[in-house]
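# Coordinates in review
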Amino acid sequence: MSEDGSSFRAPKGTRDILPPESWRLEALYDLAADTFAAAAYAPIETPMFEHTEVFARGVGETSEVVNKQMYTFPDKGGRSLTLRPENTAPVVRAVLEHNLHRGALPVKLYYAGPQFRQERPQKGRYREFFQIGIEAIGAPGPTIDAEVIELGHRFLRDAGVEPHLKLNSIGHPADDCRLGYNRALVDYLQARVDDLAPGDRGRIETNPLRTFDSKEGRTREVMSTAPLITEHLCPDCKAHFERVQDLLRSVGVPFDVDPRIVRGLDYYTRTAFEFTAGGLGSQDAVGGGGRYDGLAESLGGEQIAGIGFALGVDRILLATGDNGPSRGSRVEVYVVAAGEDAARPAFALACRLRAGGIGAEIDHMARGMKAQMKDADRSGARWAAIVGPDELAAGEITLKNLREGVQERIPIDEVEGRVRS
Ligand code: AMP
């Protein structure tokens, strides 16, 4: 209830998605199913809430999402549950729980649905938001990285977004690779601790890579001359990264290598990427993803390779406006009932048409015949099927082509054939 008690409003940071935007959301979900199914990804649904541990371990206790943004609550049995803030950890949890990784590899899955984070709401940033994502689990080689990235890029393009792809490799946790780099970064940051924004200083200990994500001007200045991971990759990680780039070039996916795209947790490995789009102001990231070869182990399973992305549906809708794909109500025939006696056969005809796959609408507001004809025009129907006393007596209807203005009487059984022709 609002403060003066006058009416209910959706909670802060949530929004109702109303027609016609809701049609555009549906169209995006359809596009996702088409795009990903054509690359052998199958849909998965995981619960809207999980044991809090899944995210504490699967997103990382030092991440901002886990630290500050989770909707966590005890259930009546005293268990700590959390509304999912992202979908990768739940998908990997489900793969391990159901032993999907013991079957044919890679396990390829896609999801679409709401996620929850208690962030400060602003344009393009909500507390309930929608993500579409894919996860490919069990394949360590670079071809799957290129496949996942190409699919994300093509999906965004087909959705009407002109994505800018930023690509990086964050190596793997070994002394001659990311751990060595981390030490070089920590040394660099410690020497400049006073120049960092106060809120970022703690990151040197907890999560130095994440310092690259800071929005603070002071910190960004320091980071602009920081050592870069790309200069510290081991030969294997370097070769993997080069192969991914080569494969993307071979299919014409444009990208920029950006060594500042990072994932600050140990189980993230190698490929990391981000898609941005214009017209979104400060919230210009439409998606991100990367390889997470250590995630399954963090969730108590064995070591299994994995890579995926999550795209922000709300931001895609914002970026594309009315230009993205859409659907709509599909009314082809408006059945006009001329007189009270015609209401029953008109209803029957509408139901028959719908059952046969032809979109049909009828009047529910007791309109007169003239008003029904007007409503038929508004509905977007191409045909009006007029059921009146004369027609009824003869087992016929009058079929009017609303675009061309011509009409004729035909037997009622011939409506479907005429409309389809
Ligand atoms: P992340 O899971 O943080 O890597 O985010 C992936 C994508 O989800 C981002 O690029 C955004 O497009 C979208 N996203 C993340 N958080 C929000 C939010 N609070 N509101 C709307 N979209 C979001």
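Please refer to the structure higher up on the page.
Notes on the structure follow. (Residues numbered from 1 in each chain as written. Predicted model: local features only at pLDDT ≥ 70, side-chain atom pairs only at ≥ 80, totals over all residues. Heavy atoms only, no water.)

### Section: the nonpolar core
- Ranked by internal contacts, the top residues of the largest apolar core, which has 62 residues, are Phe36, Tyr41, Val148, Phe155, Phe212, Leu248 and Phe273.
- Of the residues forming this core, the biggest block, seven residues, is contributed by helix α5 (residues 142–158).
- When near neighbours in sequence (up to four residues on either side) are disregarded, Tyr41 contacts Phe36, Lys108, Leu109, Tyr110, Ile134, Glu135, Ala136, Ile144, Glu147, Val148 and Leu151.
- By size, the runner-up hydrophobic cluster in this structure holds 26 residues, among which are Ile44, Val95, Val107 and Ile304. (Core = buried A, V, L, I, M, F, W, Y, C linked by side-chain atoms within 4.5 Å. Buried < 20%, exposed > 50% of the residue type's maximum accessible area, 1.4 Å probe, protein only. Helix = DSSP H or I, 4+ residues; strand = E, 2+ residues; numbered from the N terminus. Contact = heavy atoms within 4.5 Å.)

### Section: the packing of aromatic side chains
- One pass over the structure, following the stated rule, counts six aromatic pairs.
- Taking the centre distance of 5.8 Å and the plane angle of 75 degrees together, the rings of Phe273 and Phe275 count as edge-to-face. The exposure classification of Phe273 matches that of Phe275, with both residues buried.
- In textbook terms, an aromatic cluster arises when at least three aromatic residues are bridged by ring pairs, as seen for Phe36, Tyr110, Phe155 and Phe309.
- Here the guanidinium or amino end of Arg15 rests over the ring plane of Tyr126, the centre of that ring lying 5.0 Å away. (Phe/Tyr/Trp six-rings, centres within 6.5 Å; stacked < 30°, edge-to-face > 60°. Lys NZ or Arg CZ within 6 Å of the ring centre and 35° of its normal.)

### Quick notes on the environment of Leu179
- Inspection of the secondary structure assignment puts Leu179 in helix α6 (residues 178–190).
- As for Leu179 and Thr82, which are separated by 97 residues in sequence, their C-alpha atoms are 31 Å apart.
- Here Leu179 is in contact with His172, Pro173 and Ala174, once residues within four sequence places are set aside.

### Thoughts on the pattern of salt bridges
- Evaluated as defined, the whole model comprises 28 salt bridges.
- Between Glu21 and Arg15 there is a salt bridge, with its nearest N and O atoms 3.4 Å apart.
- Among the residues examined, Arg15 registers a relative accessible area of 22% and is labelled partly exposed.
- Residues Glu50 and Arg93 are paired through a salt bridge, measuring 2.7 Å at the closest nitrogen-oxygen approach. In this pair, Glu50 sits in strand β2 (residues 49–51) while Arg93 sits in helix α4 (residues 88–97), placing the two residues 43 residues apart along the sequence. This pair shows no difference in class: Glu50 is buried, exactly as Arg93 is.
- Among the ionic contacts, a cluster of salt bridges with common partners joins Asp363, Arg367, Asp375 and Arg378. (Salt bridge = Lys/Arg side-chain N within 4 Å of Asp/Glu carboxyl O.)

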